[in-house]
Amino acid sequence: YAKSEGRNRVEFFHDALCEKADCEAAMMALMHKGLREDQFFMVYQSKHSANDERVVGAEALMRWRLDDGTMISPGQFIPVAEETGQICELGQFALRSVFEQLVAWEGLEGAPERVSINLSGRQLMSPIFLSRLEDMVKETGVNTKRVELEITETWLMEDPDHSARLLKALKNLGFSLSIDDFGVAYSSMNYLRHFPVDVIKIDQSFVRDVMSDKSLVAIISAIIAMGHSLDLKVLAEGVENRDQLELLRALGCDEIQGYYFSRPVEADRLKFVHSVAAALSA
Ligand code: C2E
Ligand code: MG
Ligand code: MG
Ligand code: MG
């Protein structure tokens, strides 16, 4: 399912951006140019405590703005970057931007406690991923306790032994780990016992229809119960309205993320930074 979805996205991207011939090469060049010319940037979406609705963190999401202002969504360019291998370079960019942002936010009252970054399987599988990450931690001086790495289930299962070793190494560096889009892959939940994960992010497709589909309430309840019994925190993604928020809170969800609270925004537009800035200038 994920594969075919990825392929459709790639085709969509192809249609939108290039002629048939030599398309991948054209896109590679476009992305390369984009990286060189600072067309990529990160936006941040707040995460909230389900109980008191306070900001507890943020997720960093990548954006690509072409010269002419056209925005290309990560749903379009990430799958392409995964195919061309440029995901490693994009991934490095994301890590560096967020690390530098966290350092810049240090000591600023109201700044997010922790920020999560999405990692792609291909990026993680790269043999130099870990050493480059360690270098970047040293160079930027980021406190890794404030960084969460979001990983999807599918790649973890491709080589579970390697994954388990890598995740342990990441934990040893101080990072927290979350499973993104939890529940959409068909993989066994058994793996959670073997991987040092901290957070489960319930996929937004479950949340979207939860008010009208009782079976989704049952599935979400089961995920929360299982997560809690494994001492994991459970976050629900894609929460767009008050009804969903209240239902998820009643089901015992720990954290909430979604348009109901905020869309992803650029770093200096995050609400809490705004309020700090307002307080400083007052
Ligand atoms: P994701 O990590 O599951 O991120 C959640 C997506 O849902 C984001 O889309 C976010 O903008 C969107 N979203 C948040 N709240 C709501 C809501 O209430 N309703 C709806 N309908 N959507 C909501 P976005 O930013 O377009 O990113 C799409 C996917 O692209 C991400 O899914 C992630 O898998 C990937 N991605 C984004 N940035 C990066 C990155 O820096 N590196 C990697 N490897 N992947 C990335
Ligand atoms: Mg994510
Ligand atoms: Mg997700
Ligand atoms: Mg996703």
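Residues numbered from 1 in each chain as written. Chains lettered and ligands numbered in written order. Predicted model: local features only at pLDDT ≥ 70, side-chain atom pairs only at ≥ 80, totals over all residues. Heavy atoms only, no water.

This part is about helix 11 (residues 242-251). Counting along an α-helix, one turn takes 3.6 residues, and residues three or four places apart therefore face a common direction. Considered for burial, the residues of helix 11 that qualify are Gln-244, Leu-245 and Leu-248. Summarising the axial view, the buried residues of helix 11 lie within an arc of 100°, below the 170-degree limit, and thus occupy one face. Of the surrounding elements, those touching the buried residues of helix 11 are helix 9 (204-208), helix 10 (214-229), strand 8 (233-236) and strand 9 (255-257). Structurally, the start of helix 11 carries an N-cap: the backbone nitrogen of Asp-243 is 3.2 Å from a side-chain oxygen of Asn-241. Taken from the residues just after helix 11, Gly-252 is the one with a positive phi, measuring 100°. (Buried < 20%, exposed > 50% of the residue type's maximum accessible area, 1.4 Å probe, protein only. Helix = DSSP H or I, 4+ residues; strand = E, 2+ residues; numbered from the N terminus. Arc of directions from axis to C-beta. Contact = heavy atoms within 4.5 Å. Polar contact = N/O pair within 3.5 Å; in protein donor to acceptor, adjacent residues only side chain to side chain.)

What follows is about the environment of Ala-58. Tracing the chain through its elements places Ala-58 in strand 2 (residues 55-65). Separated by 14 residues in sequence, Ala-58 and Tyr-44 place their C-alpha atoms 5.9 Å apart. Those residues in contact with Ala-58 that lie beyond four places of it in its chain are Tyr-44, Gln-45, Ser-46, Lys-47, Pro-112, Arg-114, Val-115 and Ser-116.

Applying the stated criterion across every chain, the model contains 19 salt bridges. Put simply, Arg-54 and Asp-52 hold a salt bridge, and the shortest N to O gap is 3.7 Å. One salt bridge in this structure joins Glu-255 and Lys-233, with 3.5 Å as the shortest N-O distance. On the criterion of sequence distance, the pair formed by Glu-255 in strand 9 and Lys-233 in strand 8 is long-range, its members being 22 residues apart. Classification of Glu-255 as buried rests on a relative accessible area of 7%. Taking relative accessible area as the criterion, Lys-233 reaches 31% and is therefore assigned partly exposed. Residues participating in the shared-partner salt-bridge network are Lys-47, Glu-59, Arg-114, Glu-148, Glu-150, Lys-201, Lys-233, Glu-237 and Glu-255. (Salt bridge = Lys/Arg side-chain N within 4 Å of Asp/Glu carboxyl O.)

So, about the coordination of the magnesium ion (ligand 3). For the magnesium ion (ligand 3), every protein donor is listed as Asp-180 (OD), Asp-181 (OD), Glu-237 (OE) and Glu-237 (OE), and the spread of their distances is 2.0 to 2.6 Å. Each donor residue of the magnesium ion (ligand 3) lies on one chain, and together they are spaced D-D-x55-E. In this structure, the magnesium ion (ligand 3) is positioned 4.1 Å from the magnesium ion (ligand 2), and both are ligated by Asp-180. Here Asp-181, found in strand 6 (residues 176-182), pairs with Glu-237, found in the loop between strand 8 and helix 11; they are 56 residues apart in sequence, far enough to count as distant. Since its relative accessible area comes to 26%, Asp-181 is described here as partly exposed. (Donors = N, O, S within 2.8 Å, 3.2 Å for Na, K, Ca; no water.)

Turning our eyes to something else, we now look at the site of ligand 1. The environment of ligand 1 is formed by 23 residues, the closest being Asn-118, Asp-180, Gln-204, Glu-240 and Tyr-259. The side chain of Asp-181 places a nitrogen or oxygen atom 3.1 Å from an oxygen atom of ligand 1. One nitrogen or oxygen atom from the side chain of Glu-240 is found 2.5 Å from a nitrogen atom belonging to ligand 1. Protein coverage of the free-state accessible area of ligand 1, which is 800 Å², stands at 82%. For the shell around ligand 1, the leading source of residues is strand 2, giving four residues. Here the shell around ligand 1 is built from residues that sort into 10 nonpolar, six polar and seven charged. (Near = heavy atom within 4 Å. Areas by Shrake-Rupley, 256 points an atom, 1.4 Å probe, with all protein chains shown as cover. Nonpolar A, V, L, I, M, F, W, Y, C, P; charged D, E, K, R; others polar.)

Moving on, we come to the environment of Phe-175. The residue Phe-175 is located in the loop between helix 8 (160-172) and strand 6 in this model. A residue is classified by how much of its surface remains accessible, and Phe-175, at 1% relative accessible area, is buried. Residues in contact with Phe-175, not counting those within four places in the same chain, are Phe-99, Leu-133, Val-137, Thr-144, Val-147, Leu-149 and Leu-170.

It is worth spelling out the packing of aromatic side chains at this point. What describes a pair of aromatic rings is the distance from one ring centre to the other and the angle between the planes of the rings. What the rule picks out here adds up to seven aromatic pairs. Aromatic side chains Phe-40 and Phe-77 sit 5.5 Å apart centroid to centroid with 75° between the ring planes, which places their arrangement in the edge-to-face category. Separated by 37 residues along the polypeptide, Phe-40 in strand 1 (residues 40-49) and Phe-77 in helix 3 (residues 74-84) bring together distant segments of the chain. Relative accessible area serves as the criterion here: at 4%, Phe-40 is assigned to the buried category. Phe-77 gets classed as buried once you look at its relative accessible area, which sits at 0%. For the ring pair Phe-99 and Phe-175, a centre distance of 6.2 Å and an interplane angle of 20° mean the geometry is stacked. One end of the pair, Phe-99, is in helix 4 (residues 87-105); the other, Phe-175, is in the loop between helix 8 and strand 6, and 76 residues separate them in sequence. Exposure remark for Phe-99: the relative accessible area of 0% places this residue in the buried category. (Phe/Tyr/Trp six-rings, centres within 6.5 Å; stacked < 30°, edge-to-face > 60°.)

Our focus in this paragraph is the pairing of strand 6. Most of strand 6 is tucked away, with six of its seven residues classed as buried. The pairing of strand 6 with strand 7 (residues 199-202) spans three bridges and is classified as parallel. Each bridged residue has a counterpart across the sheet, and for Ser-178 the counterpart in strand 7 is Val-199. (Pairing = 2+ DSSP bridges.)

So, to be careful, I would describe these as geometric facts and stop short of saying anything about function.
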